[in-house]
Amino acid sequence: NNEKSVPQLLIRDLKFEKKSLTKLMFSPDQENHPSKAPVKYGELIVLGYNGSLPNGDRGRRKSRFALFKRPKANGVKPSTVHIACTPQAAKAISNKDQHSISYTLSRAQTVVVEYTHDSNTDMFQIGRSTESPIDFVVTDTVPGSQSNSDTQSVQSTISRFACRIICERNPPFTARIYAAGFDSSKNIFLGEKAAKWKTSDGQMDGLTTNGVLVMHPRNGFTEDSKPGVWREISVCGNVFSLRETRSAQQRGKMVENETNQLQDGSLIDLCGATLLWRTAEGLSRTPTVKHLEALRQEINAARPQCPVGFNTLAFPSMKRKDVVDEKQPWVYLNCGHVHGYHNWGNKEERDGKDRECPMCRSVGPYVPLWLGCEAGFYVDAGPPTHAFSPCGHVCSEKTTAYWSQIPLPHGTHTFHAACPFCAHQLAGEQGYIRLIFQGPLD
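As a starting point, this report considers the structure included with it. Since we're looking at a predicted model, the values are computed, not measured.

Definitions and limits used
Residues numbered from 1 in each chain as written. Predicted model: local features only at pLDDT ≥ 70, side-chain atom pairs only at ≥ 80, totals over all residues. Heavy atoms only, no water. Helix = DSSP H or I, 4+ residues; strand = E, 2+ residues; numbered from the N terminus. Buried < 20%, exposed > 50% of the residue type's maximum accessible area, 1.4 Å probe, protein only. Areas by Shrake-Rupley, 256 points an atom, 1.4 Å probe, with all protein chains shown as cover. Contact = heavy atoms within 4.5 Å. Pairing = 2+ DSSP bridges. Axes fitted to C-alpha atoms, helices over the stretch in contact; angles between N-to-C directions. Phe/Tyr/Trp six-rings, centres within 6.5 Å; stacked < 30°, edge-to-face > 60°. Lys NZ or Arg CZ within 6 Å of the ring centre and 35° of its normal.

### As for the overall build of the chain
Point 1. Check the secondary structure of the chain and you find seven helices and 29 strands.
Point 2. Taking all 442 residues of the chain together, the buried fraction comes to 52%.
Point 3. In the structure as shown, the chain presents an accessible area of about 21,000 Å², 50% of it carried by carbon and sulfur atoms.

Next comes the structure, spelled out in structure tokens:
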């Protein structure tokens, strides 16, 4: 196995037809008459799903949710503040037809803040509840789970009414995030145990049990993006440093110079699921599924071969993204050499993950490669030259480099980098590997 005598190629050596691919770069909304299309504020994409939920997207439960301008504004803004001496009085004040937030300070005192209609904004609510006020139903993400049955046994840490996003109906269509959503009786209720306080201007504010965390990337969501700092967002949309643990009673310090305004690439963590916010403008610069499909066909057209079996390898179509195909490329994660599936180097530990690469003898995990199909996670339109470790999801070099630097909240007080396509915690020195394909021998 003299490595030098074997023709090897990195995907970047393939001559990608720049012009034909650029045509596919732009999202379908732009090709059709943009003036007639409804205004799209942006999309929320749940991390850990490669293009759709395991059992398929249905209704308000899906892997991505688009926020469009509503036919009629449904936003709300704070108006009257009432101080009630008993919980009964507080109930009487909170009118079923009017939005309100109740802050229970003690058994003897509750403050009720009424909210009034705002004709300039649209409100969208996200949470675990399937009740009608929730626009986007989000359940806990289990890393690498192939079906919803894997997720049901877990006690959820996502709040039933987790957060709300308020979008301006006029350009530049600013979107802002707030902790907690209004329930079916249009109320947000912060009980005695929730962290809450009076602000300097006499208003009330508070945090939800497990909190809503937000991270805005530096330099936007581009190939130059760098991770930002995780913050917690309050019920009134103020920004705080993180609590010691997710549900600690003591709030963090207020961060005066930051806002709850979402940017392209902002991450929202609901303690059990993390969402990526992409603006409509950001999505227009992102590769489309058509573009990713063209890249897949381009790799397959180069007829990469297995250096052991000399059989031609091919990435399966985007639709068959969970079933291992016989032509599927596999990779040795320590060195990046791509092969077809074979039993070489399995030695004694037949069930062990570690195998010896026939090309360079390095020992490490040997896994099938899968294309990253969720285009919203890509920071550029580069060819799929790198794979996340240990899951084998393949995308562009800059995309793997970006996500490998992002500390994603995990549990109540830890953070770790994870693959955006399957939520598996990244392993190895970098968390990803450059792929080395062998070209056809003829």
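### Some remarks on helix α7 (residues 397-404)
Point 1. Turning to α7, its buried residues number three or more, namely Thr-399, Thr-400, Tyr-402, Trp-403 and Ser-404.
Point 2. On its buried face, α7 sits against β14 (212-215), β17 (267-269), β18 (274-279), β24 (386-388), β25 (393-395) and β28 (432-434).

### Observations concerning the sheet that holds β25
Point 1. Spatial strand order, β23-β25-β24-β28: four strands in an open sheet with mixed pairing. With one partner strand each, in any of the chains shown, β23 (370-371) and β28 form the two edges of the open sheet.
Point 2. Sheet topology note: the β24/β25 ladder contains two bridges and is antiparallel. Looking at the pairing, His-386 lines up with Cys-395 of β25.
Point 3. Taken strand by strand, α7 contacts β24, β25 and β28, and its axis lies near 30° from that of β24.

### Some details on unusual backbone geometry
Point 1. Pro-172 follows Pro-171 through a cis peptide bond whose omega is 5°.
Point 2. The topology assignment puts Pro-172 in the loop between β9 (163-168) and β10 (175-179).
Point 3. In this structure, the amide linkage connecting Ser-389 to the following residue, Pro-390, adopts the cis form with an omega of 15°.
Point 4. Position of Pro-390 among the secondary structure elements: in the loop between β24 and β25.
Point 5. Its identity is not glycine, yet Phe-173 carries a phi of approximately 55°, on the positive side.
Point 6. Mapping Phe-173 onto the fold places it in the loop between β9 and β10.
Point 7. Judged by relative accessible area, which is 24%, Phe-173 ranks as partly exposed.
Point 8. Of note, Asn-219 is a non-glycine position whose phi angle comes to about 65°, a positive value.
Point 9. Tracing the backbone shows Asn-219 in the loop between β14 and β15 (230-233).

### Topic: the packing of aromatic side chains
Point 1. Taken as a whole and judged by the stated rule, the model has 18 aromatic pairs.
Point 2. Ring geometry for Phe-65 against Phe-136: centres 5.0 Å apart, planes inclined by 15°, an arrangement best described as stacked. Of this pair, Phe-65 sits in strand β3 (residues 64-68) while Phe-136 sits in strand β8 (residues 136-137), and the two are 71 residues apart along the sequence.
Point 3. Using a relative accessible area of 10% as the deciding quantity, one classes Phe-65 as buried.
Point 4. Measuring from ring centre to ring centre gives 5.2 Å for Trp-197 and Phe-240, while their planes differ by 75°; the resulting arrangement is edge-to-face. One end of the pair, Trp-197, is in strand β12 (residues 196-198); the other, Phe-240, is in strand β16 (residues 239-240), with 43 residues separating them in the sequence. Take Trp-197 and Phe-240: they sit in the same class, and that class is buried.
Point 5. Ring-pair connections join several aromatic residues into one group, and the members of that group are Phe-221, Phe-377, Tyr-378, Phe-388, Tyr-402, Trp-403 and Phe-421.
Point 6. The positively charged end of Arg-251 is found above the aromatic ring belonging to Trp-197, 4.3 Å away from the centroid.

Geometry only, nothing functional implied.
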